[in-house]
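What the coordinates show
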Amino acid sequence: MIIWSNKLTNFLNKSTIIMGVYMKSIYGVTIDELEGLLVENNEKKFHAGQIYDWIYVKRVDTFSKMTNLSKSLIKLLEDNFYFEKLEVIKEQKDKDVSKFLFKLSDENLIEAVLMNHDYGNSLCVSSQVGCNMGCRFCESGRLKKVRNLTSSEMVLQILKVEKLIGKRISHVVVMGIGEPFDNYDNLVSFITIINHAKGIALGSRHITVSTCGVVPKIYEFAKLPFQVNLAISLHAPNDKIRNEIMPINKAYNVSTLIKAIKDYLSITNRRVTFEYIMLDGVNDNASNAKELASLLRGINCYVNLIPYNETENISFKRTEKEKILKFYDILKKEKINVTIRREFGGNIDAACGQLRAKGKVK
Ligand code: SF4
């Protein structure tokens, strides 16, 4: 057993007590943390890369299989880390989308959605159990936040799905259950782990984080060294509509949010995506489209129009196809980059939080 130094207090705080001993999931350890731990214990830094290779390339699930490490180093790892499990309790498939319901070690349920695109396999991961943001169209918003996910629980969603499908995930979108910027530190650890060349090695540009508009964190996110994509769940062209459907707007209104995005762009020079769920009779008429175009004019962005997945618990209805196309045409004419999201998963409860909601009822 090692003695933890003060420098590692934070690290220790993220640990779990197992059989009365502080243990940390190995899947939640960044390579820098691992190197620090090795140096603290008179081991060579380079072993961190070997350990990462065993975990994320060779995908072993016991330390004893790491045959190029000394017995004492394996003992050090065994004394301080464990291989956390994530149990799949339900999987639903429909053509090119699969949805996975996971049970966490404390019995809480989360979900991830896999979408097969022609450019690769994209996984939408959850960042919290439930969500406190309360977006009125969202199933997850009905299930209040129980807790944040640890970085390891986020990493494990990728590893588990890759194992189940026997293929690599090429793109990760943090857009499942939860508001990732309400779990900021774990989100940053998660990105650090999956982005590292010796880890899962997902390129920054293949990772997207979506926020409903937690403005202070947009500024923090802009300063990170990663080239990770940012998506904003905008869903309304003005405060009146946004206040009605997204309570976050009362804390950070549309003009505050747009200013933050402009500042983000001037720092990062990276294009942002605005997500816009089309809700029948709420935000989908021609004047809404024109107002949206004028709000976003001059911003390096594209708009993703999303057909709404109706749920039995929420009264919002999806906008009909012709109206979505008209909205799209108006934005195009106004020279706004716009796409309509391919419809995924309507038959398998792929709307955020739906599978979890049903899993809980059973
Ligand atoms: S849309 Fe996202 S931020 Fe809003 S309630 Fe749902 S999970 Fe939370």
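Data block above holds the structure.
A brief report on the enclosed structure follows. By convention here, each chain's residues receive numbers from 1 onward along its written sequence. Predicted model: local features are reported for residues with pLDDT of at least 70 only, side-chain atom pairs are reported and counted for 80 or more only, and whole-chain, interface and lining totals are derived from all residues. Note that the side-chain values use all heavy atoms of the structure and ignore hydrogens as well as water.

**Here's the deal with the overall build of the protein**
Our working definition: Helix and strand labels come from DSSP, where a helix needs a run of H or I of at least four residues and a strand needs a run of E of at least two; each type is numbered from the N terminus. Buried, partly exposed and exposed residues are distinguished by accessible area as a fraction of the type maximum, computed with a 1.4 Å probe on protein chains only: under 20%, between the cut-offs, and over 50%, respectively. Per-residue accessibility takes into account occlusion by the displayed protein chains alone, with areas from the Shrake-Rupley method and a 1.4 Å probe.
Looking only at helices and strands, the protein features 14 helices and 15 strands. In the protein, which comprises 362 residues, the proportion classed as buried is 57%. For the protein, the computed accessible surface area is about 16300 Å², with 51% contributed by carbon and sulfur atoms.

**What about the sheet that holds strand β10 (residues 171-174)?**
Condition: Between any two strands, pairing holds if DSSP finds at least two bridges. Here an angle of 0 to 180 degrees is reported between the N-to-C directions of two axes, which are lines fitted to C-alpha atoms, with helices fitted over the stretch in contact.
Spatial strand order, β4-β5-β6-β7-β10-β11-β12-β13-β14-β15: 10 strands in an open sheet with mixed pairing. Two strands close off the open sheet at either side, each with one partner strand: β4 (87-94) and β15 (337-340). Direction aside, neighbouring strands of the sheet carry axes that sit 20° apart on average. Strand direction decides the pairing type here: strand β12 (residues 229-233) and strand β13 (residues 272-278), joined by 3 bridges, are parallel.

**A short note on the packing of helix α6 (residues 151-165) against helix α7 (residues 184-195)**
Here is the rule: Any angle between 65 and 115 degrees counts as roughly perpendicular, while under 35 counts as roughly parallel, over 145 as roughly antiparallel, and the rest as oblique. Definitions for this section: a left-handed crossing has its near helix turned counterclockwise from the far helix by less than a right angle. A right-handed crossing has that turn clockwise. Contacts: residue pairs with any heavy atoms within 4.5 Å of one another. Think of it as three bins: nonpolar holds Ala, Val, Leu, Ile, Met, Phe, Trp, Tyr, Cys and Pro, charged holds Asp, Glu, Lys and Arg, and polar takes everything else, Gly as well.
Contact geometry of α6 with α7 gives a least axis separation of 8 Å together with a crossing angle of 40°. On the basis of their axis angle, the class for α6 and α7 is oblique. For α6 against α7, the interelement crossing comes out right-handed. Of α7, the residues touching α6 (which contributes S151, M154, V155 and I158) are N186, L187, S189, F190, I193 and I194. Counted by class, the contact of α6 with α7 contains 7 nonpolar, 3 polar and no charged residues.

**Concerning the site of the ligand**
For clarity, the cut-off: Proximity is defined per residue: any heavy atom of the residue falling within 4 Å of a molecule or strand makes that residue near it.
Surveying the vicinity of the ligand reveals 11 residues, the closest of which are C131, C135, C138, G141 and G178. The residue makeup of the shell around the ligand, split by class, is 6 nonpolar, 5 polar and no charged.

**Focus on helix α8 (residues 215-222)**
In plain terms, the rule: The arc in question is formed by the directions pointing from the helix axis toward the C-beta atoms.
Regarding α8, the residues found buried are V215, I218, F221 and A222. The buried residues of α8 occupy an angular sector of 110° when the element is viewed end-on, so they sit on one face. Elements in contact with the buried residues of α8: α7, β11 (207-211), β12 and α11 (254-268).

**What to know about α7**
Rules: By this rule, a helix spans an expected 1.5 Å times one less than how many residues it contains.
For α7, which comprises 12 residues, the first-to-last C-alpha distance of 16 Å matches the rise-based estimate of 16 Å (1.5 Å per residue) to within 8%. Along α7, 9 of the 12 residues are buried, which leaves the element largely enclosed by surrounding structure. Every buried residue of α7 is accounted for by Y184, N186, L187, V188, S189, F190, I191, I193 and I194.

**A word on the pattern of salt bridges**
So the rule is basically this: The working definition used for a salt bridge is a side-chain nitrogen of Lys or Arg within 4 Å of a carboxyl oxygen of Asp or Glu.
Taken as a whole, this structure holds 16 salt bridges when the rule is applied. Between E334 and R297 there is a salt bridge, with its nearest N and O atoms 2.5 Å apart. One end of the pair, E334, is in the loop between α13 (321-333) and β15; the other, R297, is in the loop between α12 (286-296) and β14 (301-307), with 37 residues separating them in the sequence. Taken together, the shared-partner salt bridges connect R59, E162 and R168 into one network.

**Details of the environment of T273**
Looking at the element boundaries, T273 is found in strand β13. With 30 residues separating them along the chain, T273 and V303 place their C-alpha atoms 5.8 Å apart. For T273, the contacting residues outside a window of four places in its chain are L230, A231, I232, Y302 and N304.

**Focus on the pairing of β14**
Basically, it comes down to this: When the strands point away from the viewer and the connection leading from the first strand across the helix to the second strand turns clockwise, the crossover is called right-handed.
Summarising burial for β14: 6 of the 7 residues are buried, a large majority. Bridging between β13 and β14 involves 7 bridges; their strand directions are parallel. Counted as the bridge partner of F274 is V303 from β14. Regarding topology, α12 serves as the crossover connection from β13 to the parallel β14, and that connection is right-handed. Two elements, β14 and β15, share 4 bridges in a ladder whose sense is parallel. Paired with N304 across the two strands is T339, which belongs to β15. Taking the sense of rotation as the criterion, the β-α-β connection linking β14, α13 and β15 turns out right-handed.

**A few points about the packing of aromatic side chains**
Inclusion rule: By convention, a stacked pair of Phe, Tyr or Trp rings (six-membered ring in the case of Trp) has centres within 6.5 Å and planes under 30 degrees apart, an edge-to-face pair has planes over 60 apart, and any other such pair is tilted. Whether a charge sits over a ring comes down to the Lys NZ or Arg CZ being within 6 Å of the ring centre and within 35 degrees of the ring normal.
One pass over the full model with this rule turns up 8 aromatic pairs. Consider the rings of Y52 and Y56, whose centres lie 5.0 Å apart with planes at 65°: the pair is edge-to-face. Of this pair, Y52 and Y56 both sit in helix α3 (residues 47-57), 4 residues apart, which is roughly one turn of that helix. Pairing Y276 with F327 gives two aromatic rings, centres 5.2 Å apart and planes at 35°, and the pair type is tilted. One end of the pair, Y276, is in strand β13; the other, F327, is in helix α13, with 51 residues separating them in the sequence. Taking relative accessible area as the criterion, Y276 reaches 1% and is therefore assigned buried. A connected cluster of aromatic rings, assembled from ring pairs, spans Y27, Y52, Y56, F63 and F83. Here the basic side chain of K58 rests over the ring of W54, its NZ or CZ set 4.5 Å away from the ring centre. Positioned above the aromatic ring of Y184 is the side chain of K217, whose terminal nitrogen or guanidinium carbon lies 4.9 Å from the ring centre.

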